[in-house]
Amino acid sequence: PTVVFGTDGTVSGTGGCNNFSGGATVGDGTIKIDPLASTRKACESPEGVMAMESALLMALESAATYAISADKLELRTAANAIAVSLTKG
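Everything quoted here is computed from the prediction, not taken from an experiment.

A. Region of the structure containing the pattern of salt bridges. Applying the stated rule across the entire model yields 2 salt bridges. Between K32 and D34 there is a salt bridge, with its nearest N and O atoms 3.9 Å apart. For K32, a relative accessible area of 48% puts it in the partly exposed group. Residue classification places D34 among the partly exposed residues on the basis of a relative accessible area of 30%. A salt bridge links R76 to E74; the nearest nitrogen and oxygen atoms lie 3.0 Å apart. Residue classification places E74 among the partly exposed positions, given a relative accessible area of 22%.

Laid out in structure tokens, this is it:
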């Protein structure tokens, strides 16, 4: 999967099969990702990719805060649980 945060308030990427995009509002340590739109391809391989994509989109949309450390971005929910951990590659 890839996730790209644009300087224009957008977020986009791919979950391994489908592309997604949406809006993102970023503040001082806070983030709100709007409901994400996704293409609707059905992929059978690698096994589990569709479930992984669905989980990724839900996790991104659940993010409330973020922290950046070196090449790592960590998104957390309002309850402070890790939603997504991304490494710049």
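Now that the structure has been shown, we can carry on.
B. Focus on the pairing of strand 8 (residues 82-87). Examined bridge by bridge, strand 7 (residues 72-76) and strand 8 share 5 bridges and lie antiparallel to one another. Note that in strand 8 the partner of R76 across the bridge is I82.

Calculation rules
Residues numbered from 1 in each chain as written. Predicted model: local features only at pLDDT ≥ 70, side-chain atom pairs only at ≥ 80, totals over all residues. Heavy atoms only, no water. Salt bridge = Lys/Arg side-chain N within 4 Å of Asp/Glu carboxyl O. Buried < 20%, exposed > 50% of the residue type's maximum accessible area, 1.4 Å probe, protein only. Pairing = 2+ DSSP bridges. Helix = DSSP H or I, 4+ residues; strand = E, 2+ residues; numbered from the N terminus.

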